[in-house]
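Residues per chain, in single letters:
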Amino acid sequence: MNEYISKQHRIRRPAEQIYAAISRFDNLTPAVADKVEEWEASEDRCSFKAKGFTVKLRMEERVAPKHVKITGDEGGVPVDFAFWIQLHEAGDCDTRLRLVLRVELNMMMRMMIGGKLQDALDKIAEGIAAAMNGTMPAGMNL
């Protein structure tokens, strides 16, 4: 498995509040529904189309207020992967967010998309932190 780790971001909110937002796919509907095609979400599962491909995800594990683990759901993602959203409470209103992606890629795929995965992970982490802090960087939409 290859591992990609985002830069750490500070969110000025308690970890419990952030966890409540990220631990359910249906909480993402307002932010995501108009960004992808055919968005459907429940508490534990979501599916959508991206560039013509159907993606199905499920919440594999939840440890409040520390992390959620997301994996591909049956028939929805052609590679074996696990994605964690990790939270570390450094103070009352000081939580550190980090994303970790572990994905099975052969050498050619790693060379072709490894850098893009790292960039995407960093942008997603930055977007989550900005949205939770109530600010969005220029040119970024969640």
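The structure reproduced in this document is the subject of the present report. (Residues numbered from 1 in each chain as written. Predicted model: local features only at pLDDT ≥ 70, side-chain atom pairs only at ≥ 80, totals over all residues. Heavy atoms only, no water.)

Okay, the pattern of salt bridges next. A full pass over the atoms with the stated rule returns 11 salt bridges. Glu3 is paired through a salt bridge with Arg102; the nearest N and O atoms lie 2.5 Å apart. Of this pair, Glu3 sits in strand E1 (residues 2-5) while Arg102 sits in strand E8 (residues 94-103), placing them 99 residues apart in sequence. Accessibility expressed as a relative area gives 41% for Glu3, which makes it partly exposed. Residue Arg102 is classed as partly exposed on the basis of its relative accessible area of 35%. Overlapping salt bridges, with partners in common, bring together Arg45, Arg58, Glu60 and Asp73 in one network. (Salt bridge = Lys/Arg side-chain N within 4 Å of Asp/Glu carboxyl O. Helix = DSSP H or I, 4+ residues; strand = E, 2+ residues; numbered from the N terminus. Buried < 20%, exposed > 50% of the residue type's maximum accessible area, 1.4 Å probe, protein only.)

Of all the residues in helix H1 (residues 15-22), the buried ones are Ala15, Ile18, Tyr19 and Ile22. One face of H1 carries all of its buried residues, which in axial projection span an arc of 100°. Residues of H1 that are buried sit in contact with strand E2 (9-11), strand E5 (53-63), strand E6 (67-72), strand E7 (81-91), E8 and helix H3 (107-133). (Arc of directions from axis to C-beta. Contact = heavy atoms within 4.5 Å.)

Looking at the element boundaries, Thr95 is found in strand E8. Those residues in contact with Thr95 that sit more than four places away from it in its chain are His9, Arg10, Ile11, Arg13, Pro14, Ala15, Ile18, Leu87, His88, Glu89 and Ala90.

What follows concerns the pairing of E8. Among the 10 residues in E8, seven count as buried, and that is most of the element. In terms of strand pairing, E2 meets E8 through three bridges, oriented antiparallel. Bridge pairing in E8 places Arg10 opposite Arg96. Where E7 lies against E8, 10 bridges are found, and the strand directions are antiparallel. Following the sheet pairing, Gln86 is matched in E8 by Arg98. Between E7 and E8, which follow one another and run antiparallel, lie two residues. (Pairing = 2+ DSSP bridges.)

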